[in-house]
Amino acid sequence: MTMNTAVQDVAQRLRDGMARGVLSFPLTSFGEDGSLDLDAYREYLTAQLATAPGAVFPACGTGEFTALDEDEYRQVITTAVEVADGRMPVVAGIGYGYAQALRFARIAEEAGADAALVLPHYLVKAPQDGLVEQVRRIAAGTGLPLIAYQRDHVAFTIDGLRRIAEIPTVIGLKDGHSDLDRLQRLTLNAPDDLLFFNGAATAEVQARAYAAVGVPAYSSAVHAFAPEIAGAFFGALQDGDDETVDTLLRDFYVPLVELRDRVPGYAVSLVKAAARLRGKPVGPVRAPLIDPSPDDLADLEKLLETGLSLVADR
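Every value quoted in this text rests on a predicted model; they were computed, and no experiment measured them.

Caption draft 1: Focus on helix α7 (residues 180-189). Those residues of α7 not exposed but buried are Leu-183, Leu-186 and Thr-187. Take α7 and look down its axis: the buried residues cluster within an arc of 95°, on one side only. Residues of α7 that are buried sit in contact with β5 (146-150), α6 (158-165), β6 (170-175), β7 (195-198) and α8 (207-212).

Caption draft 2: Spatial organisation of empty space enclosed by the protein. According to the stated counting rule, one finds one cavity of 30 Å³ or more in the structure shown. In this structure, the largest cavity encloses a volume near 90 Å³. What lines the largest cavity is simply Val-118, Leu-119, Pro-120, His-121, Leu-131, Gln-134, Val-135, Ala-148, Tyr-149, Val-154 and Phe-156. At three residues, the largest contribution of residues to the lining of the largest cavity is made by helix α5 (residues 128-141).

Caption draft 3: Highlighting the sheet that holds strand β3 (residues 91-94). If you walk across this open sheet you meet the five strands as β3-β4-β5-β6-β7, and the pairing is parallel. Every other strand in the sheet has two partners, leaving β3 and β7 as the edge strands with one partner each. Averaged over all neighbouring strand pairs, the angle between strand axes comes to 25°, with direction disregarded. Here strand β4 (residues 115-118) runs beside β5; their pairing, made up of three bridges, is parallel.

Caption draft 4: Just unusual backbone geometry, in detail. Following Ala-287, the chain continues to Pro-288 via a peptide bond in cis, the omega torsion being 15°. Inspection of the secondary structure assignment puts Pro-288 in the loop between α11 (266-277) and α12 (294-310). One non-glycine residue, Ser-178, lies in positive phi territory at about 60°. Residue placement: Ser-178 occurs in the loop between β6 and α7. The exposure class of Ser-178 is partly exposed, given its relative accessible area of 24%. In the Ramachandran plot, Thr-202 falls in the positive-phi region, its phi being about 50° despite a non-glycine side chain. Here Thr-202 is to be found in the loop between β7 and α8. Given a relative accessible area of 13%, Thr-202 falls into the buried group.

Criteria and thresholds
Residues numbered from 1 in each chain as written. Predicted model: local features only at pLDDT ≥ 70, side-chain atom pairs only at ≥ 80, totals over all residues. Heavy atoms only, no water. Buried < 20%, exposed > 50% of the residue type's maximum accessible area, 1.4 Å probe, protein only. Helix = DSSP H or I, 4+ residues; strand = E, 2+ residues; numbered from the N terminus. Arc of directions from axis to C-beta. Contact = heavy atoms within 4.5 Å. 1 Å grid on protein atoms, 1.4 Å probe; cavity = no way out; pocket = protein on both sides within 12 Å on 5 of 7 lines; lining within 4 Å. Points joined across faces, edges and corners; volume = space filled by probe spheres on them. Pairing = 2+ DSSP bridges. Axes fitted to C-alpha atoms, helices over the stretch in contact; angles between N-to-C directions.

This is a description of form; function is not addressed.
Next comes the structure, spelled out in structure tokens:
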């Protein structure tokens, strides 16, 4: 992989950010009528980025990328770039088929994003040649550095990963499969300068296992509503404080996963509900997601209180 200087700079900024903090995947603020609330989004994002995450990934899965039209997407990415103000890399989500992904990539590039996360394409399964060609075509149409995201029906083989890593603007791979045997094989056979990201749902639960195969950096949905908890966990993990890590996993993160698994879509809905419980101006989710039931919301509120109490003195 031969990167130009600008791409190398973005990759290095991401590498530095990954070493100092969690990766922030902010929510997108909607009004009660479902419309984009840009003022609320700016307020929420300003507070989130004040906690100094390693990088910010607007309009991705947690940010309900698939619920945004192109004009809303432009506003979300532009606002993120303005709020970040160069303090950390801004990596915009792009996706669907390559043609639509390119439209979003060009919008993100015009808005000043530093890189793009290529979310899994829509609907169809494809062979490795097709997965590689998808990334190649996107790369040919934008100057943004790209991070490929493998999850669901997208999974790269060693050969497939080597081929996308040869594309000059591909700088990394985010993994959401949590197949650590497969991931270990990929990390061992990837170029040394390729970035890897833990993209498992509630990534902290598997953070130690991912780190053991060479992937210590992770995205944190918890950061979207409780940066205190996310930051305390990251710090404990970095310091080798197994007692704190185990306590947070046992008493907060694992119960959160169990609550998340009750209803499809709760991986985003619960995060947004937790942010609302904390007074964040994020509003409801958009269909086809649904907000949590009253019983689940009550359980979430108790769990959030527990998590915050565990890190109150840190």
